[in-house]
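# Structural overview for review
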Amino acid sequence: MIPEESFASVENRMQSASLALEELLVTAQKQHCLTVGIYESAKLLNADPDSVVLCVLAADNEEDVALQIHFTLLQSFCCDSGINILRVSGVQRLWQLLGGVDANRNQEESGDLHCMLVTNLQVDHYRLQEVGTYCQESRRLDQWVPELVLQER
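To keep things clear, this report deals only with the structure shown in the data block.

Looking now at the side chain of Q68. The topology assignment puts Q68 in helix 3 (residues 65-81). Polar contacts involving the side chain of Q68 include one to the side chain of R87, which spans 3.2 Å. Not counting chain neighbours up to four residues away, the residues in contact with Q68 comprise N61, E62 and R87.

Quick look at the structure:
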């Protein structure tokens, strides 16, 4: 049985990683280092996989079979290429963070937020290191695709 302290520690680590991811995604978007959408992400991974430092797969509904197939293919490619991957629930929070930047575009015109790739940031963002550490620690615990929950605010 895992001591209660360990649960609190895991919860704190997940919350810290969630906040780091939110800040990282906003920064990447401002620096034009964020590719959004499954199709756009697949094109970038095919053309220049070495430029990708993080893959974020977001879904609140695990029942979408087509989306899960896309995720499986993207995860496989990212694992083979040594790219950190995160599964995220809380798509509404992602829209709050990223979708509201261009008020003249609706949700469909802005692209789907189910897959996002962070490419080399113009500056070495400390939050990227924090998210990368979370991914590495999760892999050491045999969680090959770490999961985070983004909370609406």
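Here the narrative resumes.
The next point concerns the pattern of salt bridges. The final tally for this structure, using the stated rule, is four salt bridges. For R13, the salt bridge identified is with E137, shortest N-O distance 3.2 Å. Of this pair, R13 sits in helix 1 (residues 4-30) while E137 sits in helix 5 (residues 126-140); the two residues are 124 residues apart in sequence, bridging distant segments of the chain. Residue classification places R13 among the partly exposed residues on the basis of a relative accessible area of 23%. You can call E137 partly exposed: its relative accessible area is 27%. Where R93 meets E22, a salt bridge forms, and the shortest distance between an N and an O atom there is 3.1 Å. With R93 in helix 4 (residues 91-98) and E22 in helix 1, this pair connects stretches of sequence that are 71 residues apart. Overall, R93 belongs to the buried group, its relative accessible area being 10%. Each member of the salt-bridge network shares a partner with another, and the members are E23, R127 and E130.

Conventions used here
- Residues numbered from 1 in each chain as written.
- Predicted model: local features only at pLDDT ≥ 70, side-chain atom pairs only at ≥ 80, totals over all residues.
- Heavy atoms only, no water.
- Helix = DSSP H or I, 4+ residues; strand = E, 2+ residues; numbered from the N terminus.
- Polar contact = N/O pair within 3.5 Å; in protein donor to acceptor, adjacent residues only side chain to side chain.
- Contact = heavy atoms within 4.5 Å.
- Salt bridge = Lys/Arg side-chain N within 4 Å of Asp/Glu carboxyl O.
- Buried < 20%, exposed > 50% of the residue type's maximum accessible area, 1.4 Å probe, protein only.

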